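If you want the building blocks of each chain, they are given just below.
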Amino acid sequence: MTSTASTSIVLTGFMGVGKSAVGREVAIRLGRTFIDLDDKIEEMAGMRIPQIFETWGEAHFRALERKLLRQLALQQGLVIATGGGALVDARNREMMVQQSLVVCLTATPETILQRLGNDTQRPLLAGPQRLQRIVQLLNQRAAAYAEIPQWVDTSGKSIAQVADEVLVLAQNQRGGVLRLPVTLPDDTRYEILLGSGLLSHIPALLAEQHLTGQVVIVSDENVAAHWAAQLQEAFATAGQQPHLSVLPAGETHKTLATIRHLYDDFLAAGLDRSGLVLALGGGVVGDMAGFAAATYLRGVRLVQVPTSLLAMVDSSVGGKTGVDLPQGKNLVGAFKQPNLVVIDPDLLATLPPQEYRNGLAEVIKHGIIQDAALFEQFAGDGPDSLLSMIARALRVKIGVVQRDPFEAGERAHLNLGHTFGHAIEQVSNFAIPHGQGVALGLIAAATLAANRGLCPASLPQQIRDVLARVGLPVTLADYSPEQILAAMTTDKKRKQGRIRFVLPRAVGQVGVYEDVRDAEVLTSLRAVMMM
Ligand SMILES: NC(=O)c1ccc[n+]([C@@H]2O[C@H](COP(=O)([O-])OP(=O)(O)OC[C@H]3O[C@@H](n4cnc5c(N)ncnc54)[C@H](O)[C@@H]3O)[C@@H](O)[C@H]2O)c1
Ligand SMILES: [Zn+2]
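Every value quoted in this text rests on a predicted model; they were computed, and no experiment measured them.

### Focus: the environment of A444
As for its placement among the helices and strands, A444 is situated in helix α18 (residues 434-451). For A444, a relative accessible area of 0% gives the class buried. Those residues in contact with A444 that sit more than four places away from it in its chain are F420, S524 and V528.

Given below as structure tokens:
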């Protein structure tokens, strides 16, 4: 994406999200020309859109749309509102994303229904059961919208508020950076920035976000060896000398003793409440630096710079931090939302391939939870790019934690495959890493769901194929189903003695079940062992 002051701004999204009204407002505020694509098409065709659909059919309408978009892509400095389907076409989308700042406006189906009222000028929504039709169309378009770099949710917001947010995006645009805002129910807000080469821009990004003050970088010995110097150099160029605290790598060091060591380092560095902790590392570093930041001086600010794939798509977002006790994993911790998350996929270049595959287990899990198209990509030619894969997996996590920051309900969905997975890790005495445990857990959960008739009978095999394709294990030897079941009953996610299982209903949809019998668990584990 080019980043000049005159780059066009394109607003897209479903009908009823307010593209035209917001576009008009943004154009007025920037003193730019506003173009409503649908109006232009009507002008070109000399008839209203429902008539075009009736007379010539949708294909003809789409052809007009494409032609006009091509013309507009050549111009600069416009504000354009497109029809809801215009950028569903991959060629249209890529062309506009290349040339302009494309923002997808979103809203809940209920908001959309309410905003559309009884508008009868919507050929795609003709007929009764409009809410169902809206949900259906939204699902059809979800994959295309997911590829649009910037989203602004419009539910419950005025046109002026949405225009404000679009203008902030326009001001902040920087070549190739995706900005994924996270807004929690209590109005806490932070951004996830995703882009190649961002590591060196971190000092500038902190300044831009008013994250000033003393910085302590927390990393581990593996990550620091590859990336700390580059980050420190960037700070030095900006005239800052952050303290670097390097921890021993690995889950076995995710302990209170290490936290104590961090406190000592923070004190020795003179970190005060106006300073901030920057976690440069995988999930282990992020969880510990986050917990230390949550508790040191009753809390200092936190910036997450994840370096493993797992940390990029999962642990750096959502605010869970903590350490292990000898009695179990993650038994002590705090919710600590980061003030900023900076994801630079270039850092994955030094991640050991095995760790990368472990992270893919979580990406695939996110696909099964809520992004069927992402999952299908793994079954087909693979994700479009590393960046789009991370963005899509992240969007699933962001959506879930925004709706349920404290795991009162929906957030449990993120534990798909984890009840089995944790138990498998545990019986192996952690010789089987988390991602592999999750992979096996995904198959076991799908098998259990299929046996219950909750999902298509073919789903376990479908999931197994995708996992095998990316090099994750799909069968388990050496341990008995009974051992694994026994380990499950000590899982801390138990609720009043019952184990909660997240089970897939289809690719892209899961549910929580608390009535699973031991026999069902054993049967599905046996299936994972036999294959
Ligand atoms: N907070 C949450 O919401 C959440 C969610 C999921 C997992 N977790 C936690 O995350 C941890 C697992 O995270 P992880 O898989 O990232 O483990 P990790 O941090 O141990 O990283 C895995 C290994 O890769 C190395 N590494 C990381 N990035 C590297 C890079 N760019 N180059 C070279 N080496 C690199 C690390 O040094 C380590 O040896 C677990 O402790 C788990 O409990 C937390
Ligand atoms: Zn996990």
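Let us keep going from here.
### With respect to the site of ligand 1
What surrounds ligand 1 is a group of 26 residues, the closest being D220, E251, G283, S308 and T350. Between D220 and ligand 1, the recorded distance is 2.7 Å, taken from a side-chain N or O atom to an oxygen atom. One of the backbone nitrogen or oxygen atoms of G283 is found 2.7 Å away from an oxygen atom of ligand 1. If ligand 1 stood free it would expose 850 Å²; the protein chains cover 88% of that surface. Top contributing element to the shell around ligand 1 by residue count: helix α10 (residues 221-237), with four residues.

### Considerations on the pattern of salt bridges
Where charged atoms from two side chains of opposite charge approach closely, those side chains can pair. This structure, assessed with the given rule, holds 27 salt bridges. Note that K329 and E251 form a salt bridge whose closest N and O atoms lie 4.0 Å from each other. Here K329 is found in strand β13 (residues 328-335), whereas its partner E251 is found in the loop between β9 (243-247) and α11 (256-268), with 78 residues between them in sequence. For K329, a relative accessible area of 24% corresponds to the partly exposed category. Notably, a salt bridge pairs D264 with R260, separated by 3.5 Å at the nearest N-O pair. Highlighted residues: D264 and R260, both in helix α11, separated by four residues, approximately one helical turn. One network of salt bridges, in which partners are shared, links E251, K254, D287, D324, K329 and E425.

### Details of the coordination of the zinc ion (ligand 2)
Coordination of the zinc ion (ligand 2) by the protein comes from E362 (OE), H418 (NE2) and H434 (NE2), over a distance range of 2.0 to 2.1 Å. One chain supplies every donor to the zinc ion (ligand 2), and in sequence these donors are spaced E-x55-H-x15-H. Taken as a pair, E362 in helix α14 (residues 353-370) and H434 in helix α18 lie far apart in primary sequence, 72 residues in all.

### Some remarks on the packing of α14 against helix α15 (residues 372-379)
Contact pair α14 / α15: the axes reach a minimum separation of 6 Å and the direction vectors enclose 130°. With respect to their mutual orientation, α14 and α15 come out oblique. Judged by residue contacts, L360, V363, I364, G367, I368 and Q370 of α14 engage A372, L374, F375 and F378 from α15. Along the lines of polarity and charge, the residues of the contact of α14 with α15 split into eight nonpolar, two polar and no charged.

### Focus: the packing of aromatic side chains
Under the defined criterion, the tally for this structure stands at five aromatic pairs. Measuring from ring centre to ring centre gives 6.5 Å for Y263 and Y296, while their planes differ by 20°; the resulting arrangement is stacked. Pair noted here: Y263 is in helix α11 and Y296 is in the loop between α12 (283-295) and β11 (301-306), with a separation of 33 residues, a long-range link. On the accessibility criterion, Y263 (22% relative accessible area) is partly exposed. Between F335 and F406, the aromatic rings sit 5.0 Å apart at their centres with planes inclined by 90°, giving edge-to-face as the arrangement. Linking F335 in strand β13 with F406 in the loop between α16 (386-403) and α17 (418-427), this pair joins segments that are 71 residues apart in sequence. For F406, a relative accessible area of 55% puts it in the exposed group. Chaining the aromatic ring pairs together yields one cluster made of Y263, F266 and Y296. Its guanidinium or amino end placed over the ring of W151, R395 lies 4.4 Å from that ring's centre, counting from NZ or CZ.

Conventions and cut-offs
Residues numbered from 1 in each chain as written. Chains lettered and ligands numbered in written order. Predicted model: local features only at pLDDT ≥ 70, side-chain atom pairs only at ≥ 80, totals over all residues. Heavy atoms only, no water. Helix = DSSP H or I, 4+ residues; strand = E, 2+ residues; numbered from the N terminus. Buried < 20%, exposed > 50% of the residue type's maximum accessible area, 1.4 Å probe, protein only. Contact = heavy atoms within 4.5 Å. Near = heavy atom within 4 Å. Polar contact = N/O pair within 3.5 Å; in protein donor to acceptor, adjacent residues only side chain to side chain. Areas by Shrake-Rupley, 256 points an atom, 1.4 Å probe, with all protein chains shown as cover. Salt bridge = Lys/Arg side-chain N within 4 Å of Asp/Glu carboxyl O. Donors = N, O, S within 2.8 Å, 3.2 Å for Na, K, Ca; no water. Axes fitted to C-alpha atoms, helices over the stretch in contact; angles between N-to-C directions. Parallel < 35°, antiparallel > 145°, perpendicular 65-115°, else oblique. Nonpolar A, V, L, I, M, F, W, Y, C, P; charged D, E, K, R; others polar. Phe/Tyr/Trp six-rings, centres within 6.5 Å; stacked < 30°, edge-to-face > 60°. Lys NZ or Arg CZ within 6 Å of the ring centre and 35° of its normal.

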